[in-house]
Amino acid sequence: MYRMYRMYKMLDDRIVFLVNDAIKGEAEFRKASEDVVDVFHIFVDDEYRGQGIANTFMKLLVKYCEIYDYKMKCSCPYAKKWMEKHGKETV
């Protein structure tokens, strides 16, 4: 029997959502300054939208910034809207 698996993986400057080793979504970020991370792109393939993947990307990014004591800037419209909805501060 063939089993499908899903996972999130943190790379240097992005988090990817994998389904059987194929990238089906990604959140890209970059250091904007010494203590600021800019989330500039979030994408999820059409077939996986509406399943909370982008929401999970944002939760992972917020946790990443908390761990490393970074402030978050959101150039991506989805990220900016998510931060406002969840009462999180941005630069």
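Quick caveat, the model's predicted, so the values are computed rather than measured.

S.K.: For this particular structure, what's the right way to read the side chain of Asp38?
M.R.: Of note, Asp38 is situated in strand 4 (residues 36-44). Ignoring sequence-local partners within four residues, the contact set of Asp38 consists of Glu28, Phe29, Arg30, Ala32, Lys73, Cys74 and Ser75.

S.K.: Sorry, what's going on with the packing of aromatic side chains here?
M.R.: Pairs of aromatic rings are described using the distance from one ring centre to the other and the angle between the two planes. In the structure shown here, the tally under the stated rule is seven aromatic pairs. Relative to Phe57, the ring of Tyr8 lies with its centre 5.7 Å away and its plane at 85 degrees, an arrangement referred to as edge-to-face. Separated by 49 residues along the polypeptide, Tyr8 in strand 1 (residues 6-10) and Phe57 in helix 1 (residues 53-68) bring together distant segments of the chain. Given the relative accessible area of 29%, Tyr8 is considered partly exposed. Between the aromatic rings of Tyr64 and Tyr68, the centroid separation amounts to 5.1 Å while the plane-to-plane angle is 55 degrees, which identifies the pairing as tilted.

S.K.: Got a minute to help me understand the nonpolar core in this structure?
M.R.: The tendency in soluble globular proteins is for nonpolar side chains to be buried side by side. Ranked by internal contacts, the top residues of the largest apolar core, which has 24 residues, are Ile42, Phe57, Met58, Leu61 and Met72. Looking at this core, the elements that each hand over two or more residues are strand 2 (14-19), strand 3 (22-33), strand 4, helix 1, strand 5 (71-74) and helix 2 (77-85). Counting residues per element, this core draws most heavily on helix 1, which supplies eight residues. Not counting chain neighbours up to four residues away, the residues in contact with Ile42 comprise Glu26, Ala27, Ala54, Phe57, Met58, Cys76, Tyr78 and Ala79.

S.K.: I keep staring at the pairing of strand 5 and nothing clicks. Help me out?
M.R.: Each regular strand shows side chains that alternate between the opposite faces of the sheet. Residues of strand 5 alternate between two faces, with Met72 and Cys74 buried on one and Lys71 and Lys73 left unburied on the opposite face. Pairing geometry for strand 4 and strand 5, over four bridges, is parallel. From the neighbouring strand, Asp38 faces strand 5, where its bridge partner is Lys73. One crossover worth recording links strand 4 to the parallel strand 5 by way of helix 1, and it is right-handed.

S.K.: Mind showing me how you'd approach the pattern of salt bridges here?
M.R.: Pairing between side chains becomes possible if they bear opposite charge and their charged atoms approach one another. Going through the model one piece at a time under the given rule, you end up with five salt bridges. Lys24 serves as the salt-bridge partner of Glu47, at 3.7 Å between the closest nitrogen and oxygen. Residue Glu47 is located in the loop between strand 4 and helix 1, and its partner Lys24 is located in strand 3; the two are separated by 23 residues in the primary sequence. We classify Lys24 as buried; its relative accessible area is 19%. The salt bridge involving Asp35 is made with Lys71; its shortest N-O contact spans 3.2 Å. Placement of the pair is Asp35 in the loop between strand 3 and strand 4 and Lys71 in strand 5, with a sequence separation of 36 residues.

Reading guide: rules and limits
- Residues numbered from 1 in each chain as written.
- Predicted model: local features only at pLDDT ≥ 70, side-chain atom pairs only at ≥ 80, totals over all residues.
- Heavy atoms only, no water.
- Helix = DSSP H or I, 4+ residues; strand = E, 2+ residues; numbered from the N terminus.
- Contact = heavy atoms within 4.5 Å.
- Phe/Tyr/Trp six-rings, centres within 6.5 Å; stacked < 30°, edge-to-face > 60°.
- Buried < 20%, exposed > 50% of the residue type's maximum accessible area, 1.4 Å probe, protein only.
- Core = buried A, V, L, I, M, F, W, Y, C linked by side-chain atoms within 4.5 Å.
- Pairing = 2+ DSSP bridges.
- Right-handed = clockwise from strand over helix to strand, strands pointing away.
- Salt bridge = Lys/Arg side-chain N within 4 Å of Asp/Glu carboxyl O.

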